[in-house]
Amino acid sequence: SPPLLEVRDLEKVYHLNSGFMQRLARQPALDLRAVDKVSFSVRAGETLGLIGESGCGKSTLARTVLRLHEPTAGSISFEGSDITKLPHREMTALRRRMQIIFQDPYASLNPRKSVEDIVGLPLSLHGIARRGEIRDRVVVMLESVGLKSAHLGRYPHQFSGGQRQRIGIARALILNPSFVVCDEPVSALDVSIQAQIIALLGSLKRELGLTYLFISHDIGVIGHVSDRIAVMYLGDIVEIGPSRDVLRSPKHPYTKALLSAVPQIDSGVKRDRVKLTGDLPSPLAPPPGCKFHTRCPFAIERCRHEVPALRDVGGGMKAACHLAGAS
Ligand code: SF4
Ligand code: MG
């Protein structure tokens, strides 16, 4: 069967300094290539983990896939149809099937609305439940995320961080989506609460048959939740493959560096240790050739001018490195 989501050569470029005043002041035009021709697919029922340092384009990629941001180029196909240019109205209807859970539940919940209103709002916006039915559906949803009907009339500030994220999850799932972006859903939470929310997301996925694109900068979290892992660097996917293989035998030096930075996740596995040096270059002026060459301990002359393609390197893995695979 075709993948649930298929993204081809997706680009999101922000044109900075393109306003009238900036042109008048002769400020140079700047292109921020936040997502740079990215291709990947997500199969129904799997969790694709997306990892990379903050600012690498993970959130922009996810929001562009959902068309919360309009893509500059490329194509997105979802449940078998091309949604890249779907008119706004149809996109709004389709968004029932594609939802997002945000990093900071407090910032994403209206402080003046009760839980009943927050979780019930998508139902009334989409006109899919009558007034009298909304409360019942909200109660069922609250129970499935571990909250109670007694919480209906309470406001966001009356909940703990973990409970607020449960409210955010309930709001995202009440429309019965098939695809959910989890954008750093546990990064703002205490470590003890993180495990509970991750377990909840896992059981909801199984019960409701969900498919996740799970974003995190934390390789421990990504390793735990993902069936496959995609690694992003400066707007590119530089490595993608089955979770176990990416964690055990990463092919891209950047992935090796990410894994070297944390205590052994998987004890008994001997991995090359790669130390990441230097800062993340500005996405406004990415290095030519391989964008990672300024920080890569293995860089050769070729890396400075030739862009490595994301290509098969065996074992269902792909990597964008001149030196990866075939060795
Ligand atoms: Fe390092 Fe070169 Fe591979 Fe880029 S292409 S990751 S610079 S070895
Ligand atoms: Mg982000």
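For the structure itself, consult the block above.
Residues numbered from 1 in each chain as written. Chains lettered and ligands numbered in written order. Predicted model: local features only at pLDDT ≥ 70, side-chain atom pairs only at ≥ 80, totals over all residues. Heavy atoms only, no water.

Colleague: Tell me about the side chain of Arg-166, residues and numbers included.
Modeller: Locating Arg-166 in the fold gives a position in helix α7 (residues 161-173). At 11 Å, Glu-207 is the nearest oppositely charged side chain to Arg-166, a buried residue that forms no salt bridge. Once you skip the residues sitting within four places of it in the chain, Arg-166 turns out to touch Val-145, Gly-146, Leu-147, Gln-196, Ile-197 and Leu-200. (Helix = DSSP H or I, 4+ residues; strand = E, 2+ residues; numbered from the N terminus. Buried < 20%, exposed > 50% of the residue type's maximum accessible area, 1.4 Å probe, protein only. Lys, Arg positive; Asp, Glu negative; His and termini not counted. Salt bridge = Lys/Arg side-chain N within 4 Å of Asp/Glu carboxyl O. Contact = heavy atoms within 4.5 Å.)

Colleague: Hey, could you go over the sheet that holds strand β4 (residues 73-78) for me, with residue numbers and the actual values?
Modeller: Overall, antiparallel pairing links the four strands, which are arranged β2-β1-β4-β5 in an open sheet. Looking at which strands have only one partner, the edges of the open sheet turn out to be β2 (30-42) and β5 (81-82). This element, helix α2 (residues 58-65), spans β1 (5-16), β2 and β4 of the sheet and lies at about 115° to β1. (Pairing = 2+ DSSP bridges. Axes fitted to C-alpha atoms, helices over the stretch in contact; angles between N-to-C directions.)

Colleague: With reference to specific residues and values, describe the site of ligand 1.
Modeller: Ligand 1 sits among 13 residues. The nearest are Cys-290, Cys-296, Cys-303, Cys-321 and His-322. Assessed atom by atom at 2 Å from the grid points, ligand 1 resides in the largest cavity. Broken down by class, the residue content of the shell around ligand 1 amounts to ten nonpolar, three polar and no charged. (Near = heavy atom within 4 Å. 1 Å grid on protein atoms, 1.4 Å probe; cavity = no way out; pocket = protein on both sides within 12 Å on 5 of 7 lines; lining within 4 Å. Sits in = over half its atoms within 2 Å of the grid points. Nonpolar A, V, L, I, M, F, W, Y, C, P; charged D, E, K, R; others polar.)

Colleague: I'd like a rundown of empty space enclosed by the protein, residues and numbers included.
Modeller: Counted by the stated rule, this structure contains one cavity of 30 Å³ or more. The volume enclosed by the largest cavity comes to roughly 90 Å³. If you trace the largest cavity, you find 13 residues lining it, with Pro-253, Cys-290, Cys-296, Cys-303 and Cys-321 closest to the centre. Its residues assigned to classes, the lining of the largest cavity shows ten nonpolar, three polar and no charged. (Points joined across faces, edges and corners; volume = space filled by probe spheres on them.)

Colleague: Tell me what's going on with the pattern of salt bridges, and back it up with residues and numbers.
Modeller: According to the stated counting rule, one finds 16 salt bridges in the structure shown. Across the pair Lys-291 and Asp-36 runs a salt bridge, and its minimum N-O distance is 2.7 Å. Of this pair, Lys-291 sits in the loop between α11 (253-260) and β11 (311-314) while Asp-36 sits in strand β2; the two residues are 255 residues apart in sequence, bridging distant segments of the chain. Here the two residues Lys-291 and Asp-36 agree in accessibility, since each one is buried. We note a salt bridge from Glu-79 to Arg-97, for which the minimum N-O separation is 2.8 Å. Placement of Glu-79 in the loop between β4 and β5 and of Arg-97 in the loop between α3 (88-94) and β6 (98-101) is noted, with a sequence separation of 18 residues between them. Overall, Glu-79 belongs to the partly exposed group, its relative accessible area being 33%. Assessed through its relative accessible area of 31%, Arg-97 is described here as partly exposed. Each of Glu-11, Arg-33, Asp-36, Lys-37, Asp-236 and Lys-291 takes part in one network of salt bridges that share partners.

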